[in-house]
Amino acid sequence: MSILVLGAGQLARMMALAGYPLGISVQAVDVVDNKIVDPVTKLVINNSLDRLIEEVDAITVEFEHIPEDLLELVHTSGKLKPSVEAILTGADRVREKKLLAKLAIANSPFEIVTDVEQLDNAVEKLGERLIIKASRDGYDGYGQWRLESKSELPGLKQKLSKLDLQKVPLIVETMLNFDRELSLVAVRNGEGDIAYYPLAENLHHKGQLHVSIAPAPNVDTPLNQQAQDIFNKLSESLDYVGVLAVEFFQIGQQLLVNEIAPRVHNSGHWTMQGADTCQFENHLRAVRSLPLGSTKVTSPTAMINIIGCQAFARDMLSIPGCHLHWYGKASRKKRKMGHFNLCADNYAELGKIMLALAEYLPIEHFPMLKDEAVKLTKL
Ligand code: ATP
Ligand code: MG
């Protein structure tokens, strides 16, 4: 069995690693130069893209921002899962907001802006604390701007006037005072079977995910049901096949959808150690029409992203339950270099080993770690 992944980064790599035991071979296309590579070794595979598309059993994506011509090419093969519609919805915040409206799913109040002059009106309607997002090609907080007060508006308008907003409109959202961020990662196969992981609690810093705790503490049955109902509506409407992640803001007992990701997701990396079947294996199972694997939690897990740093010893591997996943990429500011999964018998123990981990790490790169660890020790 073989699968082609569009995109050759760490998500393709982790899919490939999950595919080995099942005898599924995963090859990847680097979407920048259309070269075919082994996503683990990064060695170039001497094959044409057209031939590979014919040979493989299924084609999937590791991210949603795929060049249009490539997406069209794989779409016509009939092997693309999830569908082109699902990928385009995740790639374009305007489409995403339209789908949420059609399905009556609560999300952050917003305005679509196609000319900087419309920003004054957006401030009138949404208030002066805003988050402004390019509708396409944004990730990890890139393609986002924040407005803290009306006085910053002229400067921001000037900055944004350089963009072609007719081509790529802005989604302007109210800056919400949410209680916390959660995400639901779940998988659906072609028969419509769904397996849900529990909600994860996600901690972001400067628009980028730093830590996920799964299962999220203090989730009651109605909250979990609300998240699963939203997942069901979205995945059924898109006739979705594969892993789909839904990011939420929790305000009281209400969940508002922030965005959806039509792929395996950073907030699901904890499943590599903390669940019976990891998200990568379940994604491969779904796109290859195999039975879905159990999503049962095996231990409370903290996923800690390693962002923009590589200069640290590996001694922390002596901590019980500490697992390192290193992606082997060249270091760059804000770049995800790898992650830790920490597993323990309960949240208090998890907090303790997070504190132990913090002792080994350059703390300026892990600003959320200690505070979150202390919170967990008190649960
Ligand atoms: P990622 O790729 O990490 O998911 P992204 O660039 O796709 O990020 P978003 O998920 O929309 O962008 O936003 C990144 C983060 O910015 C959110 O996780 C949240 O912490 C913050 N954020 C986004 N929208 C809002 C909002 N309306 N109010 C408050 N905070 C927000
Ligand atoms: Mg996000």
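Further up the page is the structure itself.
Residues numbered from 1 in each chain as written. Chains lettered and ligands numbered in written order. Predicted model: local features only at pLDDT ≥ 70, side-chain atom pairs only at ≥ 80, totals over all residues. Heavy atoms only, no water.

## Examining the sheet that holds strand β3 (residues 35–37)
The strands making up a sheet associate through hydrogen bonds between their backbones, and the pairing can be parallel or antiparallel. What the 4 strands build is an open sheet, ordered β3-β2-β1-β4; its pairing is mixed. Two strands bound the open sheet, and with one partner strand each, they are β3 and β4 (58–61). Across the sheet, the mean angle from the axis of one strand to that of its neighbour is 30°, orientation sign disregarded. The sheet contact formed by strand β1 (residues 2–6) and strand β2 (residues 25–30) spans 5 bridges and is parallel. Pairing of V5 across the sheet is with A28, part of β2. (Pairing = 2+ DSSP bridges. Helix = DSSP H or I, 4+ residues; strand = E, 2+ residues; numbered from the N terminus. Axes fitted to C-alpha atoms, helices over the stretch in contact; angles between N-to-C directions.)

## Structural notes on the sheet that holds strand β5 (residues 110–113)
With respect to topology, 4 strands assemble into an open sheet ordered β5-β8-β6-β7, the strand pairing being antiparallel. A strand with exactly one partner marks an edge of an open sheet, and here the two such strands are β5 and β7 (144–147). Between one strand axis and the next, the sheet turns by 20° as a mean value, whatever way the strands run. Where strand β6 (residues 130–134) lies against strand β8 (residues 170–174), 5 bridges are found, and the strand directions are antiparallel. Pairing of K133 across the sheet is with I171, part of β8. Here helix α6 (residues 118–126) sits on the sheet and contacts β5, β6, β7 and β8; the angle it forms with β5, its principal contact strand, is near 175°. Seen against the sheet, helix α7 (residues 153–160) touches β6, β7 and β8 and runs at an angle of roughly 165° to β7. (Contact = heavy atoms within 4.5 Å.)

## Description of the coordination of the magnesium ion (ligand 2)
Protein coordination of the magnesium ion (ligand 2) is provided by E247 (OE), E247 (OE) and E259 (OE), with donor distances spanning 2.0 to 2.7 Å. Separated by 12 residues along the polypeptide, E247 in strand β13 (residues 242–251) and E259 in strand β14 (residues 254–261) bring together distant segments of the chain. (Donors = N, O, S within 2.8 Å, 3.2 Å for Na, K, Ca; no water.)

## Remarks on the packing of aromatic side chains
The geometry of an aromatic ring pair is captured by the separation of the ring centres together with the interplanar angle, meaning the angle of the planes. All chains considered together, the criterion is met by 3 aromatic pairs. Here F178 and F249 contribute two aromatic rings whose centre-to-centre distance is 4.7 Å and whose plane-to-plane angle is 5°, an arrangement assigned as stacked. Note that F178 is positioned in the loop between β8 and β9 (180–188) and F249 in strand β13, a separation of 71 residues in sequence. The exposure class of F178 is partly exposed, given its relative accessible area of 31%. Residue F249 is classed as buried on the basis of its relative accessible area of 8%. With 6.0 Å between their ring centres and 75° between their planes, Y196 and F231 make a pair best called edge-to-face. Placement of the pair is Y196 in strand β10 (residues 194–196) and F231 in helix α8 (residues 221–237), with a sequence separation of 35 residues. Judged by relative accessible area, which is 0%, F231 ranks as buried. Note that K334 overlies the ring of Y142, its terminal NZ or CZ placed 4.7 Å from the centroid. (Phe/Tyr/Trp six-rings, centres within 6.5 Å; stacked < 30°, edge-to-face > 60°. Buried < 20%, exposed > 50% of the residue type's maximum accessible area, 1.4 Å probe, protein only. Lys NZ or Arg CZ within 6 Å of the ring centre and 35° of its normal.)

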